[in-house]
Amino acid sequence: MPLRAGCARVQCVRCTGPRATDTHEAHLPRRCRHRHRLEAPGRDGRRAVRVGDARIEFTPAGHLLGAMSVSVRANGRTLVFSGDLGRGDDLLMPAPGRVAQADVLLIESTYGNRRHPRDDVQAHLGEIVRATVRRGGSVLLPSFAVGRAQALLLVLQRLKAAGELPADLPVFLDSPMATTATVLYQRHSKLLRITPREAATLTDDVTLVAGPEASERLTRQRWPKVIISASGMATGGRVLHHLKALAPNPRNHIVFPGFQVGGTRGAALVGGAREVKIHGEYIAVKATVSHLEGISGHADADGLMDWLRGFESPPERCFVVHGEPAAADTLRLRIQDELGWRVSVPEHGAALDL
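Residues numbered from 1 in each chain as written. Predicted model: local features only at pLDDT ≥ 70, side-chain atom pairs only at ≥ 80, totals over all residues. Heavy atoms only, no water.

(A) Structural view of the overall build of the chain. Along the chain, the regular secondary structure elements total ten helices and 18 strands. A burial count over the chain gives 48% of its 354 residues as buried. Contacts in the chain between residues at least 24 apart in sequence constitute 71% of all its contacts with a sequence separation of at least 6. Element-wise, carbon and sulfur atoms account for 52% of the exposed surface of the chain, whose accessible area totals about 17200 Å². (Helix = DSSP H or I, 4+ residues; strand = E, 2+ residues; numbered from the N terminus. Buried < 20%, exposed > 50% of the residue type's maximum accessible area, 1.4 Å probe, protein only. Contact = heavy atoms within 4.5 Å. Areas by Shrake-Rupley, 256 points an atom, 1.4 Å probe, with all protein chains shown as cover.)

Laid out in structure tokens, this is it:
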């Protein structure tokens, strides 16, 4: 079968209602309909579906709610795609599940050349917020709507519960997608690392900003506050309006709590840019800008290697994908040197006969 290298992502949506089969069926190719069967989930969260002669197994990958590694077994062969793998010490998600066997493996490499800093994220963010509030400023957290926003809410709630932030400090979640995702995290709290009670309190005393008019009013408010808004790399979304309002004021602090791809506004700001172009105009950046790397939801290079060591035997072929060139090649070398596997980084768009 042909394998094409490129940007691949699998989203697994857990459907539990009586018409769940119909929901899955609507997204299957026409030739596969009425030939698939969704198996009951295992105790470790694994699920499988049969499509014709193929068995497709989903293994929880940590990282985000519903993130799965995918194993496709057909004709006596198994192809595994890791998907985005989570951390063993993630704030919200359990560690990624192990996959025992693969003939062909595709492993992601987002953090293939980096290790997470040994940083107490809660203490670090608490220090930033306290210092900013003392000087009369606000903290802006550009955030990915799914996973990162919920982790930030958790940290802020813990800081308030510990008395390390004022209980009445205003916190705003200004992202419709993040608001919806937070409801899903609360609904499926049994899949999280935290307790259902802690999940239920994620939005306690948090203002969920609804329409664009309310978001615009928020940009005009000048009292100290914390705003979580998407997108996480400041490439679009409501966060741009908050950047325009907050970046020119040195009392404010902009904290990027996640990976920043080169060429994005987020990367430019973390790199020290003193002005950024937003909506056709250049905005001066006088606010403090920080990068809170320790809250990343991705497995770092050591975490990826640890997951790979869970295979009972080496795959026949291993392809390093879904990473920037330097990260992918660094991970390739580690796999080759430390595990002795046959491994390569395929060219984008390359076709490989498996």
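(B) Broad picture of the sheet that holds strand 11 (residues 226-229). The sheet built from six strands is open, its strands ordered 10-9-11-8-12-15 with parallel pairing. Two strands bound the open sheet, and with one partner strand each, they are strand 10 (206-208) and strand 15 (288-291). Geometrically, the sheet is characterised by an average inter-axis angle of 20° between neighbouring strands, direction not taken into account. Pairing of strand 12 (residues 253-256) with strand 15 involves four bridges; the strand directions are parallel. Within strand 15, the position partnered with V255 by the bridge is S290. (Pairing = 2+ DSSP bridges. Axes fitted to C-alpha atoms, helices over the stretch in contact; angles between N-to-C directions.)

(C) Quick peek at the nonpolar core. Counting residues in each nonpolar core, the largest one holds 55 residues, and the members touching the most others are L105, I107, W307, L308 and I335. For this core, the element with the highest residue contribution is helix 3 (residues 148-161), accounting for eight residues. Leave out the neighbours within four places in its chain, and L105 touches V80, W307, L308, F311, P315, R317, C318, F319 and W341. Core analysis: the second largest hydrophobic core is formed by 20 residues, V239, L246, A247 and L269 among them. (Core = buried A, V, L, I, M, F, W, Y, C linked by side-chain atoms within 4.5 Å.)

(D) Geometry of helix 9 (residues 301-308). Within helix 9, the full set of buried residues consists of A301, L304, M305, W307 and L308. Along the axis of helix 9, the buried positions cluster into a sector of 160°, meaning they face one direction only. Taken together, the buried residues of helix 9 touch strand 5 (68-74), strand 6 (77-81), strand 7 (104-108) and helix 10 (325-339). Where helix 9 begins, the side chain of D300 points an oxygen toward the backbone nitrogen of D302, at a separation of 3.2 Å. (Arc of directions from axis to C-beta. Polar contact = N/O pair within 3.5 Å; in protein donor to acceptor, adjacent residues only side chain to side chain.)

(E) The arrangement of the pairing of strand 9 (residues 171-174) in detail. Across the two faces of strand 9 the burial is the same, with V171 and L173 and F172 and D174 all buried. Two elements, strand 9 and strand 10, share three bridges in a ladder whose sense is parallel. By the bridge assignment, L173 is partnered in strand 10 with L208. When strand 9 meets strand 11, the two strands line up parallel, connected through four bridges. Bridge pairing in strand 11 links D174 to S229.

(F) Up close: the pairing of strand 13 (residues 275-278). With burial as the criterion, only one face of strand 13 is covered, namely that bearing V276 and I278; the residues E275 and K277 on the opposite face remain uncovered. Bridge analysis of strand 13 against strand 14 (residues 281-284) gives four bridges, and the strand direction is antiparallel. The residue bridging E275 from the neighbouring strand is A284, located in strand 14. Linkage of strand 13 to strand 14, two consecutive antiparallel strands, is achieved through a turn of two residues, within which H279 is found at a positive phi near 55°.

(G) Geometry of the packing of helix 9 against helix 10. At a minimum axis distance of 11 Å, the contact between helix 9 and helix 10 shows a crossing angle of 45°. With respect to their mutual orientation, helix 9 and helix 10 come out oblique. Crossing angle aside, the handedness with which helix 9 passes helix 10 is right-handed. Here A301, D302, L304, M305 and L308 of helix 9 lie close against helix 10, whose contacting residues are L331, R334, I335, E338 and L339. Classifying every residue of the contact of helix 9 with helix 10 gives seven nonpolar, no polar and three charged. (Parallel < 35°, antiparallel > 145°, perpendicular 65-115°, else oblique. Left-handed = near helix turned anticlockwise from the far one by under 90°. Nonpolar A, V, L, I, M, F, W, Y, C, P; charged D, E, K, R; others polar.)

(H) Inspection of unusual backbone geometry at higher detail. In this structure, the amide linkage connecting A230 to the following residue, S231, adopts the cis form with an omega of 15°. Mapped onto the elements, S231 comes out in the loop between strand 11 and helix 7 (239-246). Of note in this structure, D205 is not a glycine but carries a positive phi near 60°. For D205, the position within the fold is in the loop between helix 5 (196-200) and strand 10. For D205, a relative accessible area of 67% translates into the label exposed.

(I) Region of interest: the packing of aromatic side chains. As enumerated under the stated definition, the model contains three aromatic pairs in all. Between Y111 and F259 the ring centres are 5.6 Å apart and the planes differ by 55°, which places this aromatic pair in the tilted class. Pair noted here: Y111 is in the loop between strand 7 and helix 2 (121-134) and F259 is in the loop between strand 12 and helix 8 (265-270), with a separation of 148 residues, a long-range link. Each member of the pair, Y111 as well as F259, is classed as buried. Among the aromatic residues, those joined into a ring-pair cluster are W307, F311 and W341. Between the NZ or CZ atom of R114 and the centre of the ring of Y111, over which it lies, the distance is 4.6 Å. (Phe/Tyr/Trp six-rings, centres within 6.5 Å; stacked < 30°, edge-to-face > 60°. Lys NZ or Arg CZ within 6 Å of the ring centre and 35° of its normal.)

(J) Geometry of the packing of helix 2 against helix 3. Direction vectors running N to C along helix 2 and helix 3 enclose 75°, while the axes themselves pass 10 Å from each other. Comparing their axes, helix 3 and helix 2 come out roughly perpendicular. For the pair helix 2 and helix 3, the contacting residues are Q122, L125 and G126 in the first and L152, V155, L156, R158 and L159 in the second. Classifying every residue of the contact of helix 2 with helix 3 gives five nonpolar, two polar and one charged.

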